[in-house]
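# Observations on chain architecture
Now for the letters of each chain:
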Amino acid sequence: ETGVTQTPRHLVMGMTNKKSLKCEQHLGHNAMYWYKQSAKKPLELMFVYSLEERVENNSVPSRFSPECPNSSHLFLHLHTLQPEDSALYLCASSQIGGAAYEQYFGPGTRLTVT
Amino acid sequence: GIQVEQSPPDLILQEGANSTLRCNFSDSVNNLQWFHQNPWGQLINLFYIPSGTKQNGRLSATTVATERYSLLYISSSQTTDSGVYFCAVGRPAAGNKLTFGGGTRVLVKP
């Protein structure tokens, strides 16, 4: 595997289900990100993890719960979602430090909440 | 927060035509990336260009940071260039977070 991978690629879940999205980066980076892309809205940042510590939570509802067990893996745990949470969820990784670094994105998980 | 505006929102091209996409941003940045989103949703890195000019095949980009804009040039467009092009910027002292523009949807007709 190369770059940033995400599983599953597609997910349909009911509002009472619990599911998890997985992201893995093979680039040796030390920061990982979750973004959300809804229809007709710009991509928006949800969470940032730097060196496995959450450094950003962009006012995301608590029904989304991120987890970063190590610098290569990132999860997004989902529970009691709403239909408006249907979207494309994108994971990204980069180096992080004093300078700015290029971010690389995974293929995304397309989530449908019924 | 920083505002990022892309123009035009939609662009229809005949195969072989050239085009210019624009990204304006409202504050100083130390990171600017151009992406192409394919029909399956994958964001493909085109350029990392916080300043200056770069070229990659038929694509080139220029960022004039002092005037807060960036341009993406597509020359001799092909049908595979269709998709949505996003500009994203990051600000100093804001970690490495990216703020995305609304995108330019490009359709190249054969």
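In what follows, the accompanying structure is described. Note that this is a predicted model, so its numbers are computed, not measured.

Turning our eyes to something else, we now look at the overall build of chain B. Within chain B, the secondary structure is distributed over zero helices and 11 strands. When the helices and strands of chain B are placed in sequence order, the string is β-β-β-β-β-β-β-β-β-β-β. For 110 residues, the compact-globule estimate of 2.2 N^0.38 gives 13 Å, and the C-alpha radius of gyration of chain B, at 13 Å, lies within 12% of that figure. Dimensions of chain B along its principal axes, counting C-alpha atoms only, are 45 × 25 × 20 Å. Expressed as a percentage of its 110 residues, the buried residues of chain B come to 49%. A separation of at least 24 residues holds for 56% of the contacts in chain B among residues at least 6 apart in sequence. For chain B, the accessible area works out to roughly 5200 Å², and carbon and sulfur atoms hold 49% of it.

Turning next to the sheet that holds strand E1 (residues 4–7) of chain A. Residues and elements named next belong to chain A. Here four strands make up an open sheet; going across it, the order is E1-E3-E8-E7 and the pairing antiparallel. Only two strands of the sheet have a single neighbouring strand rather than two, namely E1 and strand E7 (64–70). For this sheet the average axis-to-axis angle between neighbouring strands, irrespective of direction, equals 20°. Bridging between E1 and strand E3 (residues 18–25) involves four bridges; their strand directions are antiparallel. Residue Gln-6 lies in a different strand from E3, and its bridge partner there is Cys-23.

Taken residue by residue, the interface counts 23 residues in chain A and 17 residues in chain B. Carbon and sulfur atoms supply 51% of the area buried between chain A and chain B, which totals about 1600 Å² over both sides. Here chain A is connected to chain B by zero salt bridges. At the level of secondary structure, the elements contributing two or more residues to the side of chain A that touches chain B comprise strand E4 (31–37), strand E5 (44–50), strand E9 (87–94) and strand E10 (104–105) of chain A. Here the side of chain A that touches chain B is composed, by residue class, of 14 nonpolar, five polar and four charged.

What follows covers the state of the cysteines. Throughout the structure, instances matching the rule amount to two disulfides over all chains. Two residues, A:Cys23 and A:Cys91, share a disulfide whose sulfurs are 1.9 Å apart. Looking down the S-S bond of the A:Cys23 and A:Cys91 bridge, the torsion is -75°, so its handedness is left-handed. With A:Cys23 in strand E3 and A:Cys91 in strand E9, the pair connects residues that are 68 residues apart, well separated along the chain. Owing to a relative accessible area of 0%, A:Cys91 belongs among the buried residues under this scheme. At a sulfur-sulfur separation of 2.0 Å, the disulfide partner of B:Cys23 is B:Cys87. Between B:Cys23 and B:Cys87, the disulfide has an S-S torsion of -60° and is therefore left-handed. Within this pair, whereas B:Cys23 is found in strand E3 (residues 19–25), its partner B:Cys87 is found in strand E9 (residues 83–90), the two being separated by 64 residues in sequence. For B:Cys23, a relative accessible area of 0% puts it in the buried group. Not engaged in a disulfide, the cysteine A:Cys68 finds its nearest cysteine sulfur in A:Cys91; these two sulfurs lie 9.0 Å apart. Note on A:Cys68: relative accessible area 11%, which makes it buried.

This brings us to the pairing of strand E2 (residues 10–13) of chain A. All names here are of chain A. The two faces of E2 differ: Leu-11 and Met-13 on one face are buried, but His-10 and Val-12 on the other face are not. As paired elements, E2 and strand E11 (residues 109–113) share four bridges and run parallel to each other. In the strand pairing of E11, Leu-11 is matched with Leu-111.

Basis of the calculations
Residues numbered from 1 in each chain as written. Chains lettered and ligands numbered in written order. Predicted model: local features only at pLDDT ≥ 70, side-chain atom pairs only at ≥ 80, totals over all residues. Heavy atoms only, no water. Helix = DSSP H or I, 4+ residues; strand = E, 2+ residues; numbered from the N terminus. Rg over C-alpha atoms; globule rule 2.2 N^0.38 Å. Buried < 20%, exposed > 50% of the residue type's maximum accessible area, 1.4 Å probe, protein only. Contact = heavy atoms within 4.5 Å. Areas by Shrake-Rupley, 256 points an atom, 1.4 Å probe, with all protein chains shown as cover. Pairing = 2+ DSSP bridges. Axes fitted to C-alpha atoms, helices over the stretch in contact; angles between N-to-C directions. Buried area = accessible area lost by both parts, 1.4 Å probe. Salt bridge = Lys/Arg side-chain N within 4 Å of Asp/Glu carboxyl O. Nonpolar A, V, L, I, M, F, W, Y, C, P; charged D, E, K, R; others polar. Disulfide = S-S within 2.5 Å.

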